[in-house]
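# What the coordinates show
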Amino acid sequence: MKIASIILSIIAVLLIAFNITKIDVDNPFEGDSIIALIEIIAALIAIVLLAIFNISKQIEKKVNQ
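Now for a quick tour of the structure. All values derive from a computational prediction rather than experimental measurement.

Moving on to the pattern of salt bridges. Evaluation of the coordinates by the stated rule reveals one salt bridge. With its nearest N and O atoms 3.6 Å apart, the salt bridge here joins Lys57 to Glu60. One end of the pair is Lys57 and the other is Glu60, both in helix α2 (residues 32–64) and three residues apart, which spans about a single turn. The exposure class of Lys57 is partly exposed, given its relative accessible area of 40%.

Right, let's get into the environment of Val13. Inspection of the secondary structure puts Val13 in helix α1 (residues 2–22). The spatial distance from the C-alpha of Val13 to the C-alpha of Ile40 is 9.0 Å, given a sequence separation of 27 residues.

Turning next to the packing of α1 against α2. Put simply, α1 and α2 touch, their axes get as near as 9 Å, and they point 160° apart. In this view, α1 runs roughly antiparallel relative to α2, as classed from their interaxial angle. Crossing of α1 against α2: the hand is left-handed. Within the contact between the two elements, α1 uses Ser5, Leu8, Ser9, Ala12, Val13, Ile16, Asn19, Ile20 and Lys22 and α2 uses Ser33, Ala36, Glu39, Ile40, Ala43, Leu44, Ile47, Leu50 and Asn54. Grouping the constituent residues of the contact of α1 with α2 by class yields eleven nonpolar, five polar and two charged.

Attention now moves to the side chain of Ser5. One can find Ser5 in helix α1. Polar contacts involving the side chain of Ser5 include one to the side chain of Asn54, which spans 3.4 Å. Contact partners of Ser5, with chain neighbours within four places excluded, come to Leu50 and Asn54.

The rules behind the values
- Here the residue numbers are simple positions, counted from 1 along each chain's written sequence.
- Confidence filtering applies because this is a predicted model: local features only for residues at pLDDT of at least 70, side-chain atom pairs given and counted only at 80 or more, and all residues used for totals across whole chains, interfaces and linings.
- To get the side-chain values, all heavy atoms of the structure are used, and hydrogens and water are removed first.
- We define a salt bridge as a contact between a side-chain nitrogen of Lys or Arg and a carboxyl oxygen of Asp or Glu at a distance within 4 Å.
- Where helices and strands are cited, they refer to DSSP runs of H or I of at least four residues and of E of at least two residues respectively, numbered from the N terminus.
- Exposure categories follow from relative accessible area, calculated using a 1.4 Å probe and restricted to protein chains: below 20% of the type maximum is buried, above 50% is exposed, and the middle band is partly exposed.
- Think of each axis as a best-fit line through the C-alpha atoms, taken over the contacting stretch in the case of a helix, with angles from 0 to 180 degrees between the N-to-C directions.
- In these notes the angle categories are as follows: under 35 degrees is roughly parallel, over 145 is roughly antiparallel, 65 to 115 is roughly perpendicular, and the rest is oblique.
- In this scheme, a crossing is called left-handed if the near helix is turned counterclockwise away from the far one by less than a right angle; it is called right-handed if the turn is clockwise.
- By definition, residues are in contact when any of their heavy atoms lie within 4.5 Å.
- Following the grouping adopted for this structure description, the nonpolar residues are Ala, Val, Leu, Ile, Met, Phe, Trp, Tyr, Cys and Pro, the charged ones are Asp, Glu, Lys and Arg, and the polar ones are all others, Gly among them.
- Two N or O atoms form a polar contact when they lie within 3.5 Å of each other; inside protein one atom must be a possible hydrogen donor and the other a possible acceptor, and for residues adjacent in sequence the pair counts only when both atoms belong to side chains.

Nothing here speaks to function; it is geometry throughout.
This is how it looks when you write it as structure tokens:
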């Protein structure tokens, strides 16, 4: 499961990098730029959720020992 979360984190980082290139600096809240901002926020949330999941698995492992 750890490998899957690492792969998903890498995909999320790549999506963030791709969407940063789609943001129009002059009008960041219009057209495709707002969609790119929403996707960046969604990818950041996914990374945070994966980090929480990894921490909960570590805690579960220590409790079961």
